[in-house]
Every structure is written in structure tokens, then in C-alpha cells.
Amino acid sequence: MPQHDPSGDNPDLTPDPLPAETPASAETPPPVPVPAPGTDPDEAPAVPSGKFGTPGRPLRRNSFLIGFTGGLGVLLAYTLYLGIRNAGGILVLVVIALFLAVGLNPAVVRLRRWGLPHGLAVAAVALTVVLLLCGGVWALVPPIVTQSGQFIDQIPSLLAELRRSPTVNDLMERYDVVERVQGAANADTVGRALGGVLGGAQLIFGTVFRTLTVLVLTIYFLAYFNKLRSLGYSLVPRSRRERVQLIGDEILAKVGAYMVGALSIAVLAGATTFVFALIVDLPYPFALAVVVAVTDLIPQIGATLGAVIVSLVGFATDLRAGIACAVFFLIYQQVENYLIYPKVMRRSVEVNEVAALLAALLGVALLGVVGALIAIPTVAALQLILREVVLPRQETR
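The structure contained in this document is the topic of the report that follows. (Residues numbered from 1 in each chain as written. Predicted model: local features only at pLDDT ≥ 70, side-chain atom pairs only at ≥ 80, totals over all residues. Heavy atoms only, no water.)

1. Re the nonpolar core
Part 1 of the argument: Formed by 15 residues in total, the largest nonpolar core has its most connected members in Leu 282, Val 292, Val 310, Cys 325, Phe 328, Phe 329 and Tyr 332.
Part 2 of the argument: Within the residue set of this core, elements represented by two or more residues are helix H10 (238–280), helix H11 (285–296), helix H12 (302–317) and helix H13 (319–345).
Part 3 of the argument: Element by element, the count of residues in this core is highest for H13, at 6 residues.
Part 4 of the argument: Listed in part, the 14 residues of the second largest apolar core include Ile 251, Ala 262, Ile 376 and Leu 384. (Core = buried A, V, L, I, M, F, W, Y, C linked by side-chain atoms within 4.5 Å. Buried < 20%, exposed > 50% of the residue type's maximum accessible area, 1.4 Å probe, protein only. Helix = DSSP H or I, 4+ residues; strand = E, 2+ residues; numbered from the N terminus.)

In C-alpha cells, the structure reads:
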């Protein structure tokens, strides 16, 4: 007699079917990348996407691979050195344009606060710079051309006066000056003279080209100043980006403040020289004022250079005018060095006097006048980095 299975009447007592075997890939979950210590857990981990295949095994380190890599590094460094040396002139122009853009950017920011769009603000600042350049050229070129023409016109009369002197005639006959001059007027001498003329023309056109290049680069840097600054900060790791941005903005503010202060002091020196030249009745007072304003932008030696030029013009005009120029600039430089300059620069850059002097000398030795112009803000930036980064790090070690 068959036995009754109780599980058939009660479905709850029916045994569960055995689960089907699952593949091993379904049982083992994919590895989850673990962020490295010290990184932000919310940041996406740097793992291969798999779009370009599976990365291979790393190369084995051996002596040949290390030597080959070192040789490539040396070759790359030498190639980079050659490139920088060959492009040194262009890089200097880029540095000048960047410095001018940083110095002129506060004017663009001020115009934008007044309601002007960014493009119109940049155009207004660029037009002002162009007008200042044209004014300086208009003030300097006509006197130079006029004085050169007058000197060339006076050469025959000067030679005639020299020939009237018995002493000069005796010297010319004794040393055969006329024959030596005729012998020197050959093809080689004429070729060298033409080479000198062509070299002078090349210098003039090269100066014009470099000036236009700096002007165009400055306008471009002003137009894209915020984008360039953001791009530079984005190259810094995000964990340090905020601190670098704060320090960088402070450096840019100091450079801009220095530029504005230096321009203010130079304009004041030029205006004072213009009024003094009118009082003393010096020739070409506006041109002399432009010379003093431009040379006053050069730290340490610029004011003295402008004073010497104006004093020489004064002595060439009249002895009393030359003495008055020397006394005026002696007094004015003391007032500028101990009263005007500290008051204007106190809130912009705080640079030690010894450091400023050494920076100016090194800047002149490395980059000439350009090095002297950027020496003071460079030292101010280095002092800020030293005070905020280097010294606190040394205290924690």
C-alpha cells in the first residue's frame, strides 16, 4: 500500500528547488578603486576608462633603459636651452607686454566698475597708451631732426672758420690731412658708411617693430587677462589652488600698484620739468619733460640720467641756465626720494632699500632697462612668497 506524502497536500512543506549555478563573474564583484591617502574622497578616481584598451605591464627597469631615458632628458634640456636662447628677444617682448598688462589691468577694472563693457574698457586703455606714445614721438622727433639739420647746415661755416686759423692750417699741412681724407674716400670706406646708414635704418625699423609687437601683445593680454589668470591657477593642484590664488592675486595687485605709482611719479617729474624749462626759457621744454618722465621710470638711475640730459641742454644754451638746471634737479631729486616716492609707494610695495638697489643692478646686468623696470615688483613678489610660504614651512620642520 502506497504511503501518503504529506508534502503534496501542503504546499508550504514543499522543499525549495536548488538554485542554479551562477557564473563566477557574477559572484565576484568588480574591484572598486580606492582613493590614495591624502586625496579628496569626493573626487573621481584616476582610473583608466578602458576606451583605449587595457594598460600593459610597466617596463622593466634596467641599466639600458635608465641610460637611454637620461640621455633623452639631457638632449631635451639642451634643445630647450637652444630654443630659449634663439627666442630670447621675443621672450623679452612677451615679458614686457605681460608686465604692462598687469600694470594696466587695474585701469580696466576701474572702467568696468563705472559701467563700461570689458571690450570698451580695454579699447579705452589701449587708445590712451597709443596717444601717449604718439605724444612722446611727436615731442622728441622734431627737435632731433631740427637740431641735426642745423648741425649739417653749419658744417661748411665751421670748416671755413677752422681754415681761417693759422694753427689749423699748419696742422693740416704738417700731417697731410687733405691727402689722408682723399685716400680714405675709397670704395671700402663708402661701403662701410653705407653699412652704417643701413644699420641705423635697421635699428629704427626694428625699434618700431618691437614697439608695435609689445603694444599688440599688451592689448591681447588685457583682453584675455581673466582667462589667462584662471588658466594659470587651474594648473595648480586643487588642494593648494585657493592659497596659490590668494598669493597670486596679491602679487598681481602689488605689480599693478607699483606701475600706477611709478607712472604717477614720472608724470609729476615731467610736469615739474616742463614748468621749470618754461621759466628758464630752455629750448623744446615739452621734449625735455618727456625725456625726464621716461627716464624717471627707470629705478635708481633714471632720475639722475634725465637730470644730466636737461642740465647738458641748459649748459649748451647758457651758463646760468645750466647752473639753474643743476641746482633745480639736485633739490627736486631730494624731495622726490625722501618725500614723494615713499608716500606714493608705501601702500603699494614695501621693498627693502638694499634689496631694491641689488635688484636694479642685477636687472640692468641681465635685461638692461627692461630688467631695471621689472626689478622692484619682482623683489616685492619674492618677499611675499618668502614671508608667506618659505619661512612658515621652515618653522614647522
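2. Some remarks on the packing of aromatic side chains
Part 1 of the argument: What the rule picks out here adds up to 6 aromatic pairs.
Part 2 of the argument: A ring pair is formed by Trp 138 and Phe 286, whose centres lie 6.2 Å apart and whose planes are at 55°; its orientation type is tilted. One end of the pair, Trp 138, is in helix H5 (residues 118–164); the other, Phe 286, is in helix H11, and 148 residues separate them in sequence.
Part 3 of the argument: Taken together, a centroid distance of 4.2 Å and an interplanar angle of 5° make the contact between Phe 276 and Phe 328 stacked. (Phe/Tyr/Trp six-rings, centres within 6.5 Å; stacked < 30°, edge-to-face > 60°.)

3. Observations regarding empty space enclosed by the protein
One way to see where empty space is left: roll a probe the size of a water molecule over the atoms.
Part 1 of the argument: Summed over all chains, the structure comprises 1 cavity of 30 Å³ or more.
Part 2 of the argument: Of all elements in the fold, only H11, H12 and H13 reach the threshold of two or more residues within the lining of the largest cavity.
Part 3 of the argument: Top contributing element to the lining of the largest cavity by residue count: H13, with 4 residues.
Part 4 of the argument: Within the lining of the largest cavity, the residues separate by chemical class into 6 nonpolar, 2 polar and 2 charged. (1 Å grid on protein atoms, 1.4 Å probe; cavity = no way out; pocket = protein on both sides within 12 Å on 5 of 7 lines; lining within 4 Å. Points joined across faces, edges and corners; volume = space filled by probe spheres on them. Nonpolar A, V, L, I, M, F, W, Y, C, P; charged D, E, K, R; others polar.)

4. Describing the pattern of salt bridges
Part 1 of the argument: Scanning the model with the defined rule gives 3 salt bridges in all.
Part 2 of the argument: Ionic pairing is found between Asp 318 and Arg 320, a salt bridge with its closest N-O pair at 3.5 Å.
Part 3 of the argument: A residue is classified by how much of its surface remains accessible, and Arg 320, at 68% relative accessible area, is exposed.
Part 4 of the argument: A salt bridge links Arg 387 to Glu 388, with the shortest nitrogen-to-oxygen separation between them at 3.8 Å.
Part 5 of the argument: Judged by its relative accessible area of 46%, Arg 387 falls in the partly exposed class. (Salt bridge = Lys/Arg side-chain N within 4 Å of Asp/Glu carboxyl O.)

5. Here we look at the packing of H11 against H12
Part 1 of the argument: Between H11 and H12, the least distance of the axes is 7 Å, while the angle of their chain directions is 160°. One element, H11, and the other, H12, form an angle in the roughly antiparallel class. Considering the relative orientation of H11 and H12, their crossing is right-handed. Contacts between H11 and H12 involve Leu 288, Val 291, Val 292, Thr 295 and Asp 296 from the former and Gly 302, Ala 303, Leu 305, Gly 306, Ile 309, Val 310 and Val 313 from the latter.
Part 2 of the argument: Residues that form the contact of H11 with H12 fall into these classes: 8 nonpolar, 3 polar and 1 charged. (Axes fitted to C-alpha atoms, helices over the stretch in contact; angles between N-to-C directions. Parallel < 35°, antiparallel > 145°, perpendicular 65-115°, else oblique. Left-handed = near helix turned anticlockwise from the far one by under 90°. Contact = heavy atoms within 4.5 Å.)

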